[in-house]
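This is what each chain is made of:
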There are 2 protein chains.
Amino acid sequence: MSTSAGIRRRTIAGDDPQTLAGVGEFGLIAELRAALPAGPRTLVGIGDDAAVLATPDGRVVATTDCLADLAAMGAVPSALLVALAAPADLPVSWARELAAGLAAECARVPGAAVIGGDTARAASVLLAVTGLGDLAGRAPVLRSGSAPGDVVAVAGPLGHAAAGLALLAAGRTEGPLVAAQRRPAPPYDAGPEAADLGATAMIDISDGLLADLGHVADASGVLIDLSRAALGPGDSLLAAASFVSSGRTGRGSPTPPDVIALNWVLSGGEDHSLAATFPPGVALPPRWTPIGKVHPGQADPDGRRLGVVIDAQPWQHAAGWDHFA
Amino acid sequence: MSTSAGIRRRTIAGDDPQTLAGVGEFGLIAELRAALPAGPRTLVGIGDDAAVLATPDGRVVATTDCLADLAAMGAVPSALLVALAAPADLPVSWARELAAGLAAECARVPGAAVIGGDTARAASVLLAVTGLGDLAGRAPVLRSGSAPGDVVAVAGPLGHAAAGLALLAAGRTEGPLVAAQRRPAPPYDAGPEAADLGATAMIDISDGLLADLGHVADASGVLIDLSRAALGPGDSLLAAASFVSSGRTGRGSPTPPDVIALNWVLSGGEDHSLAATFPPGVALPPRWTPIGKVHPGQADPDGRRLGVVIDAQPWQHAAGWDHFA
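Residues numbered from 1 in each chain as written. Chains lettered and ligands numbered in written order. Predicted model: local features only at pLDDT ≥ 70, side-chain atom pairs only at ≥ 80, totals over all residues. Heavy atoms only, no water.

A.B. asks: Even after reading the chapter, I still don't get the packing of aromatic side chains, so can you show me in this structure?
C.D. replies: Ring pairs (aromatic) are described by centroid distance and by the angle formed between their planes. Tallying each qualifying case throughout the model produces two aromatic pairs over all chains. Ring centres 5.3 Å apart and planes at 80 degrees place the aromatic pair A:Phe278 and A:Trp288 in the edge-to-face group. Residue A:Phe278 is located in strand S10 (residues 273–278), and its partner A:Trp288 is located in strand S11 (residues 288–296); the two are separated by ten residues in the primary sequence. When its relative accessible area of 2% is taken as the criterion, A:Trp288 is described as buried. B:Arg172 extends its terminal NZ or CZ atom over the ring of B:Phe243, reaching a point 3.9 Å from the ring centre. (Phe/Tyr/Trp six-rings, centres within 6.5 Å; stacked < 30°, edge-to-face > 60°. Helix = DSSP H or I, 4+ residues; strand = E, 2+ residues; numbered from the N terminus. Buried < 20%, exposed > 50% of the residue type's maximum accessible area, 1.4 Å probe, protein only. Lys NZ or Arg CZ within 6 Å of the ring centre and 35° of its normal.)

A.B. asks: Looking at this model, I keep getting lost on the packing of helix H5 (residues 160–169) of chain A against helix H9 (residues 235–246) of chain A. Mind explaining?
C.D. replies: Residue and element names in this part refer to chain A. The interhelical angle for the contact between H5 and H9, taken along N-to-C directions, is 25 degrees, at an axis separation of 10 Å. Overall, the two elements H5 and H9 adopt an arrangement that is roughly parallel. Pair H5 / H9 crosses with left-handed handedness. Contact residues: His160, Ala163, Ala166 and Leu167 in H5; Ser236, Leu237, Ala240, Phe243 and Val244 in H9. Looking at the contact of H5 with H9, its residues break down into seven nonpolar, two polar and no charged. (Axes fitted to C-alpha atoms, helices over the stretch in contact; angles between N-to-C directions. Parallel < 35°, antiparallel > 145°, perpendicular 65-115°, else oblique. Left-handed = near helix turned anticlockwise from the far one by under 90°. Contact = heavy atoms within 4.5 Å. Nonpolar A, V, L, I, M, F, W, Y, C, P; charged D, E, K, R; others polar.)

A.B. asks: Would you explain the sheet that holds strand S1 (residues 42–44) of chain A in this entry?
C.D. replies: Consider a sheet: its strands pair through backbone hydrogen bonds, and that pairing is either parallel or antiparallel. On the basis of which strands lie adjacent, the open sheet formed by six strands has the order S1(A)-S2(A)-S3(B)-S6(B)-S4(B)-S5(B) and mixed pairing. Among the strands making up the open sheet, the edge pair consists of S1 of chain A together with strand S5 (113–121) of chain B. Within the sheet, the average angular offset between the axes of one strand and its neighbour, ignoring direction, is 25 degrees. Along the sheet face, helix H4 (residues 92–107) of chain B touches strand S4 (76–86), S5 and strand S6 (126–134) of chain B and points at about 170 degrees away from the line of S4(B). (Pairing = 2+ DSSP bridges.)

A.B. asks: I tried to follow unusual backbone geometry on my own but got confused; where do I start?
C.D. replies: Most peptide bonds take the trans form, and the phi angle of most residues other than glycine is negative. All names here are of chain A. Along the chain, Gly232 connects to Pro233 via a cis peptide bond; the corresponding omega equals -5 degrees. Note on placement: Pro233 falls in the loop between strand S9 (222–226) and H9. Even without being a glycine, Ala136 presents a positive backbone phi close to 50 degrees. Assignment of secondary structure puts Ala136 in the loop between strand S6 (126–134) and strand S7 (151–155). According to the relative accessible area criterion, Ala136 is exposed, its value standing at 53%.

A.B. asks: Explain the pattern of salt bridges here, please?
C.D. replies: A pair can form between side chains of opposite charge whenever their charged atoms are brought close. For the structure on display, the rule yields 24 salt bridges over all chains. Among the ionic pairs, A:Arg143 bridges to B:Asp48, the shortest N-O distance being 3.7 Å. Within this pair, whereas A:Arg143 is found in the loop between S6 and S7, its partner B:Asp48 is found in the loop between strand S1 (42–44) and strand S2 (51–54), the two belonging to separate chains. Given a relative accessible area of 17%, B:Asp48 falls into the buried group. Residue B:Arg287 is joined to B:Glu193 by a salt bridge in which the shortest nitrogen-to-oxygen separation is 3.0 Å. Residue B:Arg287 is located in the loop between strand S10 (273–278) and strand S11 (288–296), and its partner B:Glu193 is located in helix H7 (residues 190–196); the two are separated by 94 residues in the primary sequence. Residue class for B:Glu193 comes out partly exposed when judged on its relative accessible area of 23%. (Salt bridge = Lys/Arg side-chain N within 4 Å of Asp/Glu carboxyl O.)

A.B. asks: Would you mind showing me how to read the sheet that holds S10(A) here?
C.D. replies: All names here are of chain A. The seven strands lie next to each other as S8-S10-S7-S11-S9-S14-S15, forming an open sheet whose pairing is mixed. The strands lining the two open edges of the sheet, one partner per strand, are strand S8 (201–205) and strand S15 (313–314). Sheet topology note: the strand S14 (residues 308–310)/S15 ladder contains two bridges and is antiparallel. By the bridge assignment, Ile310 is partnered in S15 with Gln313. The strands touched by helix H8 (residues 209–220) are S7, S8, S9, S10, S11 and S14; relative to S9, the strand with the most contacts, the crossing angle is about 150 degrees.

A.B. asks: Would you mind going over the packing of helix H9 (residues 235–246) of chain B against helix H10 (residues 257–267) of chain B with me for this structure?
C.D. replies: The angle between the axes and the distance between the axes are what describe a pair of packed helices. All names here are of chain B. Where H9 contacts H10, the axes come no closer than 8 Å and their chain directions differ by 120 degrees. In terms of axis orientation, H9 runs oblique to H10. Here H9 and H10 pass one another in a crossing that is right-handed. Contacts from Leu237, Leu238, Ala240, Ala241, Ser242, Val244 and Ser245 in H9 reach Pro257, Asp258, Ile260, Ala261, Trp264 and Val265 in H10. Class assignment of the residues belonging to the contact of H9 with H10 gives a composition of ten nonpolar, two polar and one charged.

A.B. asks: Looking at this structure, how should I read the environment of B:Gly159?
C.D. replies: Here B:Gly159 is to be found in the loop between strand S7 (151–155) and helix H5 (160–169). Filtering out sequence-adjacent residues up to four positions away, B:Gly159 remains in contact with B:Leu237, B:Trp264, B:Val265 and B:Asp271.

A.B. asks: Is there a simple way to explain the pairing of S7(B) in this structure?
C.D. replies: Walk down a regular strand and you will see the side chains alternate between the two sheet faces. All names here are of chain B. Of all five residues that make up S7, five are buried, and the element is covered over most of its length. Of the two faces of S7, the one carrying Val151, Ala153 and Ala155 and the one carrying Val152 and Val154 are both buried. In this sheet, S10 lies alongside S7 in antiparallel orientation, the contact comprising five bridges. Bridge pairing links Val152 to Thr277 in S10. Sheet analysis places S7 next to S11, joined by five bridges and oriented antiparallel. Bridged to Val151 within S11 is Lys293.

A.B. asks: Sorry if this is basic, but what is going on with the pairing of S5(B) here?
C.D. replies: All names here are of chain B. Here S4 runs beside S5; their pairing, made up of eight bridges, is parallel. Looking at the pairing, Ala85 lines up with Ala120 of S5. As for the winding sense of the linkage, the β-α-β connection from S4 through H4 to S5 is right-handed. (Right-handed = clockwise from strand over helix to strand, strands pointing away.)

A.B. asks: Whenever I open this one, the state of the cysteines confuses me. Can you help?
C.D. replies: Linking two cysteines covalently via their sulfur atoms produces the bond known as a disulfide. All names here are of chain A. Tallied over the entire structure, the rule returns zero disulfides over all chains. With no disulfide of its own, Cys66 lies closest to Cys106 among cysteine sulfurs, the gap being 14 Å. The exposure class of Cys66 is buried, given its relative accessible area of 16%. (Disulfide = S-S within 2.5 Å.)

A.B. asks: Is there a simple way to explain H9(A) in this structure?
C.D. replies: Since there are 3.6 residues in each turn of an α-helix, residues three or four apart along the chain are aligned in direction. Residue and element names in this part refer to chain A. In a regular helix each residue adds 1.5 Å, so twelve residues correspond to 16 Å; H9 covers 16 Å between its end C-alpha atoms and thus fits that length. Taken as a whole, H9 has its buried residues at Leu237, Ala240, Ala241, Val244 and Ser245. An end-on view of H9 places all buried positions within 130 degrees of arc, on one side of the element. The exposed set on the far side of H9, more than 90 degrees from its buried face, consists of Asp235 and Ser246. Elements in contact with the buried residues of H9: H5, helix H6 (176–182) and helix H10 (257–267). (Expected span 1.5 Å × (residues − 1). Arc of directions from axis to C-beta.)

Rendered as structure tokens:
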């Protein structure tokens, strides 16, 4: 891009032009920039020291995990920053596909755009995405606002990504559950919708329903009682569980498919669906499925606080994902 | 933290409590949270799905590279998000030191705070930092606004971090230049100061003075002519170059120390000093050192655009850093 960078570029002109080393850092940035159009709030986009984003609300919501986190606060995702570290011999086509994937995800949210990022060299490909969002005047929906009497509801699938992962492991490479694992489609607009409906607490289900509702119960000081009947699982999960179960060999009695499927629903992460609590009497739109109720906080006979129970009973299996456990 | 996470935690109680696996993801987050106080603009800090930051200016400046990028736009850093990926056997003390370092960096900028982040497991330690900043009504200072007649000036040291790296490689482990490499101290407040003085273009010097001013020349369509006499190098760099040079063995005539030192000034990155262009006649505060002038864009006899020259002559050595070259 600059003359000085151009001089340096010529010293590596013999490299494969189809790798990052061949196009160079500035060639890569130009590729990404061309594939990622600015959005309506992008005041300064890719190519300067930093990006400038309009925040007419006077607040900005920010996460380094995933865009569904913004929705879980009641915000509309407005911008992405992408830090990419990669080996020098990475094919440029990989970066192009990444840019296409980012552009496709932005296209799911009207007004969202990639506004900046960073590139660096590393032994393996690493991607860190920062999402910024806009509350448009809404109060942020925290984990701590749930109160006894509230209704617990979810928007988006539960356990689909976990079922897809099990199907992949069992050799199946196609179908909607595998697609749910490979590219989850979080219901971004359900977050602001829930905020407008008066949601008292909300969370993005990334570590599993029980684990994430556990965070809400903990932050709000309440007990959440889920209804086994309302949780399903549905026919597609049961069929997947049967398929996975039929391929398993080993000693002892096999886990029944309905238990496998229920465990996906309760403990499977990565769907990035939203769970929220609403005051009693709120008329929920069809995509919000009621799955339980909020009660005053309780402890078990040993004095341990109960977080989430199912039909008033503690769940005895693994609750979710701890990155370091 | 939540009951459900607590159940999972007990399954790994035998692990070393001094590692991330021992404290678990939620223990780690609690550690980081305790070490990183909220700032005056932190509306929702560490612990919910996403953070909420006040942006009373109606715009937010964002970078995934370094805080000096925010200063180079004329913004005051206001918030950090930190994504940490680490092996499960990483000592917790490492994370504590990271938090202390982040807190110390925030303390250099009044009002700045860590507002959120993410943790994940990886084969090696990886850190991605997002910085958010506030323009307080200023127009962002881009790379593209420089005009013929402007004065080029820098705030902060040039080549100190590069000299420190060379000293470390030569076996010296102490002294201010080594400290400049290990912990650069970007002049964050010089960025808004330059914007208030009417700076027409500004950039954070992370890849080397020539390379980064090359970006300004390119974006602005100008030629930047630096003064060899104004660039130094000073006594400390010359002494370091003599030390490094005296330890070098090999065939051929050694590079003279003054050339080594000048190359650090021109091509050394990582100081994160700021370079800016100002309209002629602006009275610069003492920490802004004039180093050159801006001229209309020019091409060499082969038709290649000239970006940055020194005493009207092209510089023949490597200009700076390309992550993938």
